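Listed below, chain by chain, are the residues.
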Amino acid sequence: MSTAVVAAVSSNAEYSFSKPNRDSITLLAGLGVEGDVHAGVTVKHRSRVAEDPTQPNLRQVHLIHRELFDEVAAAGFEVGAGGLGENVTTEGIDLHALPRGAVLRLGAEAEVEITGLRNPCLQIDHFREGLLKQVVGRDADGAIVRKAGIMGVVRRGGTVRPGDGITVTLPAGPHEPLERV
């Protein structure tokens, strides 16, 4: 079994689709990534703010597995860390197989509780035309499959850097599959 690590970290203080890579990011408990436009107790995603700005922010941290970039490259799309707006790019862990409530320890201190799946939107096609079809599709039974990462909330703050290890603590009780948040 491979070791899970942080491949890259990204943040942006301004609304934009992609986020520049950083040497490190600081996670703040209950808020998200320090200085990132999506940090906060309540929703920051524009469509969700328009719907109800008092909703809790279940999307404080966006994580994507680096292996997705290899998959889309095979279909002709060049995407790098931070390109799809994620804060943490992981390697060696199947993020989409995690249950809701799993806790990822990133590095020595930071902990992120997984809340659900990112719901890919049309902005992905504005970034790279045709890419949306690569990150959302249907399985053999016709169910929607979302592959554009997972979302979480910061339970314990700390600094996260590329190369930091990732450990997973599964929640007690039955496995609750991830749904879009």
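Structure shown above.
The structure presented is a predicted model; accordingly, all values stated were derived computationally and were not measured. (Residues numbered from 1 in each chain as written. Predicted model: local features only at pLDDT ≥ 70, side-chain atom pairs only at ≥ 80, totals over all residues. Heavy atoms only, no water.)

## Quick notes on the overall build of the protein chain
Item 1. Scanning the protein chain from terminus to terminus reveals 4 helices and 13 strands.
Item 2. In terms of overall dimensions, the protein chain is globule-like: its C-alpha atoms have a radius of gyration of 15 Å, near the 16 Å expected for 181 residues.
Item 3. Contacts in the protein chain between residues at least 24 apart in sequence constitute 67% of all its contacts with a sequence separation of at least 6.
Item 4. On the protein chain, roughly 9100 Å² of surface is accessible, and the fraction owed to carbon and sulfur atoms is 50%.
Item 5. Placing the 19 positive and 23 negative side-chain charges of the protein chain at their respective mean positions leaves the two points 4 Å apart. (Helix = DSSP H or I, 4+ residues; strand = E, 2+ residues; numbered from the N terminus. Rg over C-alpha atoms; globule rule 2.2 N^0.38 Å. Contact = heavy atoms within 4.5 Å. Areas by Shrake-Rupley, 256 points an atom, 1.4 Å probe, with all protein chains shown as cover. Lys, Arg positive; Asp, Glu negative; His and termini not counted. Charge placed at Lys NZ, Arg CZ, Asp CG, Glu CD.)

## Here's the deal with the packing of aromatic side chains
Item 1. Tallying each qualifying case throughout the model produces 1 aromatic pair.
Item 2. Measuring from ring centre to ring centre gives 5.3 Å for F17 and F127, while their planes differ by 35 degrees; the resulting arrangement is tilted. One end of the pair, F17, is in the loop between strand 1 (5-10) and strand 2 (21-22); the other, F127, is in helix 3 (residues 123-127), and 110 residues separate them in sequence.
Item 3. You can call F17 buried: its relative accessible area is 18%.
Item 4. Directly above the ring of F127 sits R128, whose terminal nitrogen or CZ lies 4.1 Å from the centroid. (Phe/Tyr/Trp six-rings, centres within 6.5 Å; stacked < 30°, edge-to-face > 60°. Buried < 20%, exposed > 50% of the residue type's maximum accessible area, 1.4 Å probe, protein only. Lys NZ or Arg CZ within 6 Å of the ring centre and 35° of its normal.)

## What to know about the sheet that holds strand 4 (residues 32-33)
Item 1. Ordered by their spatial adjacency, 3 strands build an open sheet running 4-3-12, and the pairing between neighbours is antiparallel. Two strands close off the open sheet at either side, each with one partner strand: strand 4 and strand 12 (158-160). (Pairing = 2+ DSSP bridges.)

## Thoughts on the sheet that holds strand 5 (residues 61-65)
Item 1. In spatial order, the strands read 2-1-6-5-11-8-7-13; together these 8 strands make up an open sheet with mixed pairing. Looking at the sheet topology across the chains shown, the edges are occupied by strand 2 and strand 13 (166-169).
Item 2. Pairing of strand 5 with strand 6 (residues 88-91) involves 3 bridges; the strand directions are parallel. Looking across to strand 6, one finds that L63 is bridged to V88.
Item 3. Each of strand 5 and strand 6 is contacted by helix 2 (residues 67-74), which is oriented at about 55 degrees to strand 5, the strand it contacts most. (Axes fitted to C-alpha atoms, helices over the stretch in contact; angles between N-to-C directions.)

## Things to note about helix 2
Item 1. Along helix 2, the positions that sit buried rather than exposed are L68, F69 and V72. One face of helix 2 carries all of its buried residues, which in axial projection span an arc of 100 degrees.
Item 2. On its buried side, helix 2 packs onto strand 5, strand 6 and helix 4 (132-135).
Item 3. Immediately beyond the C-terminal end of helix 2, within one or two residues, lies G76, with a positive phi of roughly 95 degrees. (Arc of directions from axis to C-beta.)

It is worth stressing that arrangement in space is one thing and function is another; only the former is reported here.
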